[in-house]
Amino acid sequence: MKTKSTFKSLLSLLLILLMVFSLAGCKTNASAKEEGYEKFSKLEIGMTEEEVNAILGEPARVDKAYYYYNIKVNGNDMELTVWIDQTTGEVSNMYGDFMSADYRDAFIDKKTDLSEVKGLDSGDIDTYDACKETFKTPGYLVGIDEDGREKYLWVNSKGGYLTVSFDSDGNVRTYNGYC
């Protein structure tokens, strides 16, 4: 009788431990994105190489002014490109290919509405503020350069995605995606 009770207790404990460890390995879109995007979003134009390395670690490789850093997004390895001006020693451009199919699922936002994307073609949507209002979310910054140009990514829950580049005055420069 005592052996049967001990066996049930051990089995129950084992099942509880298995559930705890299996849940600990689960990731939400937010945590998958946080692995790399949160680090990327801390970068700023004008930072030094040392400041960038403090956030991203040492670069995987360097080619003249281009510094390539490896991060994880949505459980996949991704290479960030950071351009550090050789004259000033400061960041003047940074970019990540977050819209690639391997990474963009981490940026799905159920609130994002891309149904009015044709407004970009007609010119009705011509600024970042108009994009935020029309698409119902602020998007994710995925690229910036020293001239003030910025690139944002929007991803909806229906498989649609859109990147829009803006000039320093906030006006739409280019856009592409699948809606």
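Quantities reported herein were computed from a predicted structural model and do not represent experimental measurements. (Residues numbered from 1 in each chain as written. Predicted model: local features only at pLDDT ≥ 70, side-chain atom pairs only at ≥ 80, totals over all residues. Heavy atoms only, no water.)

**Re helix H4 (residues 49-56)**
Item 1. Taken as a whole, H4 has its buried residues at Val52, Asn53 and Leu56. All buried residues of H4 fall inside an arc of 100 degrees around its axis, so they share one side. Away from its buried face, by an angle of more than 90 degrees, H4 presents the exposed residues Glu50 and Ala54.
Item 2. Structurally, H4 contributes buried residues whose contacts are with helix H3 (37-40), strand S2 (66-73), strand S3 (76-84) and strand S4 (91-96).
Item 3. Positioned one or two residues after H4, Gly57 has a phi angle of 90 degrees, which is positive. (Buried < 20%, exposed > 50% of the residue type's maximum accessible area, 1.4 Å probe, protein only. Helix = DSSP H or I, 4+ residues; strand = E, 2+ residues; numbered from the N terminus. Arc of directions from axis to C-beta. Contact = heavy atoms within 4.5 Å.)

**Focus: helix H6 (residues 128-135)**
Item 1. Three or more residues of H6 are buried, namely Tyr128, Ala130, Cys131, Thr134 and Phe135. Buried residues in H6, looked at end-on, bunch into an arc of 155 degrees, giving them a common side. Residues of H6 that are exposed and angled more than 90 degrees away from the buried face: Asp129 and Glu133.
Item 2. Positive phi appears at Lys136, one or two residues downstream of H6, with a value of about 70 degrees.

**Notes on unusual backbone geometry**
Item 1. Backbone geometry at Lys64 places phi at a positive 60 degrees, although glycine is not the residue there.
Item 2. Relative to the helices and strands, Lys64 is located in the loop between strand S1 (61-63) and S2.

**Remarks on the sheet that holds strand S7 (residues 161-166)**
Item 1. Judged by pairing direction, the sheet is antiparallel, and its eight strands sit side by side in the order S1-S2-S3-S4-S5-S6-S7-S8 without closing on themselves. A single partner strand is all that each edge strand has here, and the edge strands are S1 and strand S8 (172-178). The sheet shows a mean angle of 25 degrees between the axes of neighbouring strands, direction not considered.
Item 2. Pairing geometry for S3 and S4, over five bridges, is antiparallel. Bridging from a neighbouring strand, Thr81 pairs with Tyr95 of S4.
Item 3. Here H4 sits on the sheet and contacts S2, S3 and S4; the angle it forms with S2, its principal contact strand, is near 20 degrees. (Pairing = 2+ DSSP bridges. Axes fitted to C-alpha atoms, helices over the stretch in contact; angles between N-to-C directions.)

**Thoughts on the packing of aromatic side chains**
Item 1. Tallying each qualifying case throughout the model produces 15 aromatic pairs.
Item 2. Look at Tyr66 and Tyr68: their rings are 6.5 Å apart centre to centre, the planes differ by 20 degrees, and that puts the pair in the stacked class.
Item 3. Taken together, a centroid distance of 6.4 Å and an interplanar angle of 70 degrees make the contact between Tyr66 and Trp83 edge-to-face. With Tyr66 in strand S2 and Trp83 in strand S3, this pair connects stretches of sequence that are 17 residues apart. (Phe/Tyr/Trp six-rings, centres within 6.5 Å; stacked < 30°, edge-to-face > 60°.)

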